[in-house]
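Results of the structural survey
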Amino acid sequence: MGGVGTGASFIANIQALARYRLNLRTFHAKDTPDIHINLFGHALQMPILAAPVAGTSLNMRDAVLEEELAQAMLGGAAAAGSMGMAGDGPNPALAQIGFAAIKRLEGRGCFISKPRRPEDILRLLRQAEDSGAWAVGVDVDAAGIIGMVRAGQYVGPQPVKVWKEVVAQVKTPFILKGIMTPDEAEMAVDTGAAAIVVSNHGGRILDHTPGTAEVLPGIAKRVKGKVTLLVDGGVRSGYDALKMLALGADAVLVGRPMSIAAVGGGAEAVAALLGQYADQLRSAMILTGCENLAEITPKILWNADEA
Ligand SMILES: Cc1cc2nc3c(=O)[nH]c(=O)nc-3n(C[C@H](O)[C@H](O)[C@H](O)COP(=O)(O)O)c2cc1C
């Protein structure tokens, strides 16, 4: 479950977040922070979601069954009042397992297809919609996964016009996951997508990218308010979530820690971990003077130049 190549992209995610420090302020009366958020027309109890993590054979030496992982990730996130996302992979059964998990949760979850051929993506997204999914999308950053192609499952990059056509044909909110530059963020907005995920796939697909917390401010500057802005990569606590929100994200996704909780303790552990991150976020909001998510701005980040 590591990073690709030297691991530089994965390390950059962690280091980028660690570089930001928080301003502690207590001369205020903001003692009950509200962390509720409305995403894709649904009320969530926190702006922290479980990222899509699929492939127990490929990535976890079959530590649990794929069904158990999907149920724990999506079910645990739902139990915590949040939402999880189901992934896709070289084995076409993975997507079907995700649809079943989403259906059992009466749609409380998203499905993220691999960047397959447009007609194959649309076929999967329709199945996800039939299972009731609250949103659907594609991890466009998986365009270079040679292993998928070798397994006979085409993935590849597509021009903006193709994503426009895909967006036009889905009924539920559409997510483009794997945006790392301001120019592509603007293009993603042009497609009509409801949300983007600033992500380098946890450093698992292209070596030597910046950390997501490094590129997020530049992307937020261009597209904040025009699209739901999600981010993942290296979020390991409610404090990290707060930093990402201050840098411009509307909500964050957490990958590896949720999957580790899922394998070790099932849905209960995923819900407990999300609950812990939510508590940390609330505590940190009190100590940085934020009453609600809208009040989380760069002002809460320490700036050495102003010290
Ligand atoms: C084992 C593993 C499997 C993953 N599978 C998928 C997937 O099927 N679809 C997807 O969009 N992202 C997938 N991801 C990427 C995550 O959704 C997320 O972008 C990344 O893990 C975030 O970084 P973090 O683990 O540091 O929180 C996977 C990540 C891991 C570690």
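Residues numbered from 1 in each chain as written. Predicted model: local features only at pLDDT ≥ 70, side-chain atom pairs only at ≥ 80, totals over all residues. Heavy atoms only, no water.

Regarding the packing of aromatic side chains
To keep things clear, this is the line we draw: Any two rings among Phe, Tyr and Trp, with Trp reduced to its six-membered ring, count as a pair given centres within 6.5 Å; such a pair is stacked if its planes are under 30 degrees apart, edge-to-face if over 60, and tilted if neither. A run of DSSP states H or I qualifies as a helix once it reaches four residues; a run of E qualifies as a strand once it reaches two. Both are numbered from the N-terminal end. Exposure classes here rest on a 1.4 Å probe applied to the protein chains alone. A residue is buried below 20% of its type maximum, exposed above 50%, and partly exposed in between. Remark: a charge is flagged as sitting over a ring if the NZ atom of Lys or the CZ atom of Arg is within 6 Å of the ring centre and within 35 degrees of the ring normal.
What the rule picks out here adds up to one aromatic pair. A ring pair is formed by Phe99 and Phe111, whose centres lie 4.8 Å apart and whose planes are at 65°; its orientation type is edge-to-face. Residue Phe99 is found in helix H4 (residues 93-104), and its partner Phe111 is found in strand S5 (residues 109-113); the two are separated by 12 residues along the sequence. Take Phe99: its relative accessible area is 6%, and that puts it in the buried class. Judged by relative accessible area, Phe111 falls into the buried class, the value being 0%. Positioned above the aromatic ring of Tyr154, the side-chain terminus of Arg117 is 4.3 Å from the ring centre.

Examining the nonpolar core
Here is the rule: Residues belong to a common nonpolar core when they are buried Ala, Val, Leu, Ile, Met, Phe, Trp, Tyr or Cys residues joined through side-chain atoms within 4.5 Å. Any two residues whose heavy atoms approach within 4.5 Å at even a single point are treated as in contact.
One finds Phe174 and Ile196 to be the most contacted residues of the largest nonpolar core, which totals 99 residues. Of the residues forming this core, the biggest block, 12 residues, is contributed by helix H11 (residues 256-288). Excluding anything up to four places from it in sequence, Ile196 contacts Leu176, Ile179, Ala185, Ala188, Ile219, Val223, Val227, Thr228, Leu229 and Leu230.

Some words on the layout of surface pockets
Basically, it comes down to this: For each structure, a 1 Å grid was placed over the protein atoms alone; sets of points admitting a 1.4 Å probe that cannot get out are labelled cavities, open sets with protein on both sides within 12 Å along at least five of seven lines are labelled pockets, and lining residues have an atom within 4 Å of a point. Grid points are joined across faces, edges and corners, and a volume is the space filled by probe spheres set on the points. Throughout, the ten residues Ala, Val, Leu, Ile, Met, Phe, Trp, Tyr, Cys and Pro are labelled nonpolar, Asp, Glu, Lys and Arg are labelled charged, and all others, Gly among them, are labelled polar.
Within this model, the second largest pocket holds a volume of roughly 160 Å³. In terms of lining, the second largest pocket is formed by Gly55, Thr56, Ser57, Leu58, Asp62, Val64, Leu65, Glu66, Pro90, Asn91, Leu94 and Ile97. Mapped onto the lining of the second largest pocket, the elements with two or more residues apiece are helix H2 (56-60) and H4. Looking at side-chain class alone, the lining of the second largest pocket contains six nonpolar, four polar and two charged residues.

What to know about the side chain of Ser259
Mapped onto the elements of the fold, Ser259 is located in helix H11. The residues touching Ser259, leaving out its near neighbours within four places in the chain, are Met1, Val53, Met60, Leu69 and Met73.

Things to note about the packing of helix H1 (residues 8-19) against helix H9 (residues 212-223)
Spelled out, the test is: Every angle, taken between N-to-C directions, lies between 0 and 180 degrees, and every axis is a line fitted to C-alpha atoms, over only the stretch in contact when it is a helix. The cut-offs work like this: below 35 degrees is roughly parallel, past 145 is roughly antiparallel, 65 to 115 is roughly perpendicular, and the gaps in between are oblique.
The geometry of H1 relative to H9 is characterised by a closest axis approach of 7 Å and an angle of 65° between their N-to-C directions. Regarding the angle of H1 to H9, the classification is roughly perpendicular. Along its contact with H1, which presents Ala12, Asn13, Ala16, Leu17 and Arg19, the element H9 presents Thr212, Ala213 and Glu214. Tallied by class, the residues present in the contact of H1 with H9 amount to four nonpolar, two polar and two charged.

Observations concerning the pairing of strand S6 (residues 135-139)
Inclusion rule: When DSSP finds two or more bridges between two strands, those strands count as paired. A crossover gets the label right-handed when its path from the first strand over the helix to the second runs clockwise, viewed with the strands pointing away from the viewer.
When you tally the buried positions in S6, you get five out of five residues, the bulk of the element. The side-chain alternation of S6 yields two buried faces, one formed by Ala135, Gly137 and Asp139 and the other by Val136 and Val138. Note: S5 against S6, four bridges, orientation parallel. Note that in S6 the partner of Ser113 across the bridge is Val138. As a crossover connection, the stretch from S5 through helix H5 (residues 118-130) into S6 is right-handed. The pairing of S6 with strand S7 (residues 174-179) spans four bridges and is parallel. Paired with Val136 across the strands is Phe174, a residue of S7.

Observations concerning empty space enclosed by the protein
Summary: where empty space remains is shown by rolling a probe the size of a single water molecule over the atoms. For the structure on display, the rule yields one cavity of 30 Å³ or more. In this structure, the largest cavity encloses a volume near 100 Å³. Around the largest cavity, the lining comprises 13 residues; the ones closest to its centre are Val53, Ala54, Ala70, Ala86 and Gly87. Within the residue set of the lining of the largest cavity, elements represented by two or more residues are helix H3 (66-79), strand S4 (84-86) and H4. If you tally residues by element for the lining of the largest cavity, the top one is H3, at five residues. Residues that form the lining of the largest cavity fall into these classes: 10 nonpolar, two polar and one charged.

Points about the site of the ligand
Short version of the rule: For this description, a residue counts as near a given molecule or strand if any of its non-hydrogen atoms is within 4 Å of it. In protein, a polar contact means a hydrogen-donor-capable atom and an acceptor-capable atom, both N or O and within 3.5 Å, with residues adjacent in sequence counting only if both atoms are side-chain atoms; elsewhere, any N or O pair within 3.5 Å suffices.
In the vicinity of the ligand lie 23 residues, with Pro52, Asp232, Arg236, Gly255 and Arg256 positioned nearest. Take Pro52: an N or O atom from its main chain is 2.6 Å from an oxygen atom of the ligand. Between the ligand and Gly255, the relevant distance is 2.9 Å, taken from an oxygen atom to a main-chain nitrogen or oxygen of the residue. Of the residues contributing to the shell around the ligand, the split by class is seven nonpolar, eight polar and eight charged.

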